[in-house]
Number of protein chains: 2
Amino acid sequence: MSLNPADDRFAETLRPELPEGTLRRPEPRHLEEPRGRWKGASQWLALPRTTDQVATIVRACHAASVPIVPYGGGTGLVGGQLAPDGPAPLLLSLERLAGVHEIYPEENALIAGAGTILADIQAAAEEADRLFPLSLASEGSARIGGLLATNAGGVNTLRYGNARDLTLGLEAVMADGSIWNGLSRLRKDNTGYDLRHLLIGSEGTLGIITAASLKLSPRPAATGTALLTVPSPEAALKLLSLARSQLAEGISAFELMHRTGFDFLSEKLPDIRQPWDTPPEWSVLIELGLARGLDPTEALETLFAEGFEAGHVSDGLIAQSAQQALDFWTLREHIPEANRRIGAISSHDISVPLGTIPEFIATAGPALEKIGAFRVNCFGHVGDGNLHYNVFPAAGQSRDDHAGNREAIKSCVHDIVHSLGGSVSAEHGVGRLKVGDLETYADPTKIAAMRAVKSALDPMGILNPGAVLRAR
Amino acid sequence: MSLNPADDRFAETLRPELPEGTLRRPEPRHLEEPRGRWKGASQWLALPRTTDQVATIVRACHAASVPIVPYGGGTGLVGGQLAPDGPAPLLLSLERLAGVHEIYPEENALIAGAGTILADIQAAAEEADRLFPLSLASEGSARIGGLLATNAGGVNTLRYGNARDLTLGLEAVMADGSIWNGLSRLRKDNTGYDLRHLLIGSEGTLGIITAASLKLSPRPAATGTALLTVPSPEAALKLLSLARSQLAEGISAFELMHRTGFDFLSEKLPDIRQPWDTPPEWSVLIELGLARGLDPTEALETLFAEGFEAGHVSDGLIAQSAQQALDFWTLREHIPEANRRIGAISSHDISVPLGTIPEFIATAGPALEKIGAFRVNCFGHVGDGNLHYNVFPAAGQSRDDHAGNREAIKSCVHDIVHSLGGSVSAEHGVGRLKVGDLETYADPTKIAAMRAVKSALDPMGILNPGAVLRAR
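Residues numbered from 1 in each chain as written. Chains lettered and ligands numbered in written order. Predicted model: local features only at pLDDT ≥ 70, side-chain atom pairs only at ≥ 80, totals over all residues. Heavy atoms only, no water.

- Chain A carries the name FAD/FMN-containing dehydrogenase in an unreviewed UniProt entry, which gives Allosediminivita pacifica as its organism.
- The Sequence similarities (unreviewed entry) field of the UniProt record for chain A holds the comment "Belongs to the FAD-binding oxidoreductase/transferase type 4 family." (UniProt positions renumbered as here; feature names shortened; annotations may be inferred.)

Considering the overall build of chain A
Phase 1 of the analysis: When its secondary structure is counted, chain A shows 14 helices and 18 strands.
Phase 2 of the analysis: A compact globule built from 472 residues should have a C-alpha radius of gyration of about 23 Å, and chain A, at 23 Å, falls within 12% of that.
Phase 3 of the analysis: Put simply, chain A has 472 residues, and 62% of those count as buried.
Phase 4 of the analysis: Once local pairs closer than 6 in sequence are excluded, the contacts in chain A between residues at least 24 apart make up 73%.
Phase 5 of the analysis: Each charge class in chain A can be summarised by its mean position, and for the 42 positive and 56 negative side chains these summaries are 5 Å apart. (Helix = DSSP H or I, 4+ residues; strand = E, 2+ residues; numbered from the N terminus. Rg over C-alpha atoms; globule rule 2.2 N^0.38 Å. Buried < 20%, exposed > 50% of the residue type's maximum accessible area, 1.4 Å probe, protein only. Contact = heavy atoms within 4.5 Å. Lys, Arg positive; Asp, Glu negative; His and termini not counted. Charge placed at Lys NZ, Arg CZ, Asp CG, Glu CD.)

Some points on the UniProt feature "domain: FAD-binding PCMH-type" (unreviewed entry) in chain A
Phase 1 of the analysis: UniProt's feature table lists "domain: FAD-binding PCMH-type" (unreviewed entry) at residues 37–219 of chain A, given in the numbering used throughout.
Phase 2 of the analysis: With 21% helix and 25% strand, residues 37–219 of chain A has end C-alpha atoms that lie 39 Å from one another.

Here's the deal with the pattern of salt bridges
All names here are of chain A.
Phase 1 of the analysis: Summed over the entire model, instances satisfying the criterion amount to 49 salt bridges over all chains.
Phase 2 of the analysis: Two residues, Glu337 and Arg340, come together in a salt bridge whose shortest N-O distance is 3.3 Å. Highlighted residues: Glu337 and Arg340, both in helix α10 (residues 322–342), separated by three residues, approximately one helical turn.
Phase 3 of the analysis: Salt-bridge contacts for Asp458 lead to Lys454; the nearest nitrogen and oxygen are separated by 2.7 Å. (Salt bridge = Lys/Arg side-chain N within 4 Å of Asp/Glu carboxyl O.)

Some points on the relation of the copies chain B and chain A
Phase 1 of the analysis: Expressed as a screw operation, the relation of chain B to chain A combines 0.0 Å of axial shift with a rotation of 180°, fitting to an RMSD of 0.0 Å. Expressed as a symmetry operation, the mapping of one chain copy onto the other fits a two-fold axis.
Phase 2 of the analysis: The overlap is high: 100% of the interface residues of chain B also sit at the interface in chain A, so the same surface is used on both sides. (Least-squares fit on C-alpha atoms with pLDDT ≥ 70 in both.)

With respect to the interface of chain B and chain A
Phase 1 of the analysis: Each side of the interface is counted separately: chain B has 80 residues, and chain A has 81 residues.
Phase 2 of the analysis: Between chain B and chain A, the buried area comes to about 6,300 Å², and carbon and sulfur atoms account for 55% of it.
Phase 3 of the analysis: By the criterion of area lost to chain A, the three top residues of chain B are Lys188, Asn190 and Tyr193 of chain B, representing 17% of everything that side buries.
Phase 4 of the analysis: The tally of links between chain B and chain A comes to ten salt bridges.
Phase 5 of the analysis: In this assembly, chain B and chain A are joined by 42 residue pairs in polar contact (both at pLDDT 80 or more).
Phase 6 of the analysis: Listing elements by their share of the side of chain B that touches chain A, those giving two or more residues are α5 (157–160), β9 (179–182), α6 (195–199), α7 (233–247), α9 (296–310) and α14 (444–457) of chain B. (Buried area = accessible area lost by both parts, 1.4 Å probe. Polar contact = N/O pair within 3.5 Å; in protein donor to acceptor, adjacent residues only side chain to side chain.)

Section: the sheet that holds strand β13 (residues 251–258) of chain A
All names here are of chain A.
Phase 1 of the analysis: Strand order in the open sheet formed by seven strands is β15-β12-β14-β13-β17-β18-β16, and the pairing between neighbours is antiparallel. Only two strands of the sheet have a single neighbouring strand rather than two, namely β15 (315–318) and β16 (349–351). On average, each strand axis in the sheet is inclined to that of its neighbour by 20°, with strand direction left out of account.
Phase 2 of the analysis: Here β13 runs beside strand β17 (residues 374–381); their pairing, made up of two bridges, is antiparallel. For Leu256, the partnering residue across the bridge sits in β17 and is Gly380.
Phase 3 of the analysis: Lying on the sheet, α10 is in contact with β12 (222–229), β13, β14 (282–290), β15, β17 and β18 (386–393); it crosses β17 at an angle near 140°.
Phase 4 of the analysis: Contacts from helix α12 (residues 406–419) reach β16, β17 and β18, with the element oriented near 20° to β16. (Pairing = 2+ DSSP bridges. Axes fitted to C-alpha atoms, helices over the stretch in contact; angles between N-to-C directions.)

Here it is, written out as structure tokens:
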């Protein structure tokens, strides 16, 4: 399919159909992404204020075969939010479709525009004495449309599921500019194919999400936080299993961290206070949210005592105040920033079946050593089987020294993940970074079905071309 | 698309490719459905034992343009499991692909063939000290492939979600006979479009599910059951809200029942003992499943006391033994059978936004009275906003007296549901019964997307033609 650039001529054609100020030149931030791998090629940015304006824009692009890249908070880590090559796409930012439009506390539901920042949704839910449990490091700038388009994960997936599991309904503009009014608050609706789940995680390649109906949860009556030292990843899993047998769904988060992350924090963010002189080799951050009648501190003490007895945990701290709990989380949430400042050669967002995590860690390290000497920061949502396994140059070396090793490192890690039945993109998505990985590792029948669905719903190929599936 | 019947000539062509005994004449049960509305027209039944055999069959049908109707436990209520007209389809029963193949208690995952009966999956989970929470009246005969193809709901949806929410991965045969190996145990996997959620709820029209990877839950440490009298549906919702504020996720089921259901039980199933002389106008059945350290009986007593004080509940019973809890559930689970014996003129499986349930009930009754004198049995999963609103002839009349009113009754109920933003098929699916309703009420953009996806994944239209979407 041959596409045309969103150039000045196209902009002049579209301009009269939209309110003044809707079409602009992109700011530099719109053409960059957090890991600095690519620069976007877009010359024009659209900032619609309404779903109808989004539809007008998409209709015009459809008629002129002009590609569109939808833009949320710009926090994506796989390059889904910009197109570095091909005919320059129109960048379509949803940032003005922001705001929590309705909240139904009795129904545990909330309706928000695609441009609403995650932290604002969390705050609106809290104000209504409810919880919107999606939570991740970029929650202060990530927008819900992008979070849904990429099916974001984060730290509470263990208990509450991924972004898709928190979605009751969507409003979206399809490739031909038609609007799907699917802002349902229903918990049960079996009237046909689930278009909602098809759009969620499709990274803007099948439709543009303009609003969402989201599922809220009761706020746990009390929360508790502990930072515990574990002898090994295997012990961490045994501790998780013990915690589940004691607390069932009461575990909101269960994060694994390797010492390397704390070393990076000391080196690059020394103002963040660490609760030890020498960080432990492996530690877990546990967050509980319990029902009325249960005491989280008591529950964590019981878990520690039984875990210690069984050899699953050797030391640790139970937060004695909300501030201390926040401090523990500050450590965890700043590891990605410390990583960024160190500069990874290759970052991997992988998941494997829970039981195979120790095998993955035990295999990947020695396999990488055959390529060279690296520092590995392995951390993440171990309760979901999801690890961020990021490979850095040895101390004293730079990432540029290893540019030639990047592909070998990535293949080494991803091959092991694939052999264990895992995923090479657990929560960040495919974007432009992992299109080749998808072709290498995905089931051929699945890929064929994806291509067929893409052609069916976006026959011109104007929606985020080159993301998820190679542009044709 | 012109299709050819699965006739003797086709059977003779296919027979040599399959083990002896795979192709048979259907038994009468295969050509009937529970509500007796239709008779299936199939002349041939395939009983494959392996996924490869399913693929062989589908490939042959694809090559010869022969339609296939997939068959699970035969319990569907909307006619998705048989084709009464058109070229006689091959009936493809998955019953021999039965069995729990693997269970991973530490990962809370289980893998089962599509033909496995739900009760057998529940039992396997229980044996591993886990819970597979999908539960509905037909669990002793419904098979997991069909339950997933129709995204079954049931009594525990409030807490654990629909069938789709309990599914980690699928194996399926697509329309061209290719096999999708998607039996993942991963909790996070963002590598492309979610084919799993597209197939779930597509009622066999996009692919044939052959196996599933299912999500297990911890077993609650203790359960409690209460049968409470409430003054009105509105009071029931206020009681639910109070229960949620006290118990958060601890509420596993919250069912509403109208007196009519108990009257029907007395009339048609008098051996089922009822715990009162005169049944209450409205009652709720509440099931709690609580974590270690909490006492369900105490929790139900607190709920009753606070609910009574606030006027949300007027009387009731808290089960004092497992047997009594079972007795309460026996009442609830036999209402559909009592309904069947009375004989509904029109049955409706509807959902509305939770807050609009009282309005729905208050509006529908008087609207129906304008059509004629009926008895209405309104019961179901009120916590999900899902009611079974079934309309019966007045005492002394038969359903045949009202055959001419059926369409008017259905439209009356469905129009009210639609005006409240509800669904005309909450949990039973579309099948053949509600194809027209879907065309009437569904968003046109959604219907267009569904048709495009259907054409893309099943270009010959051989998979369950006439279910969900009108055959073309």
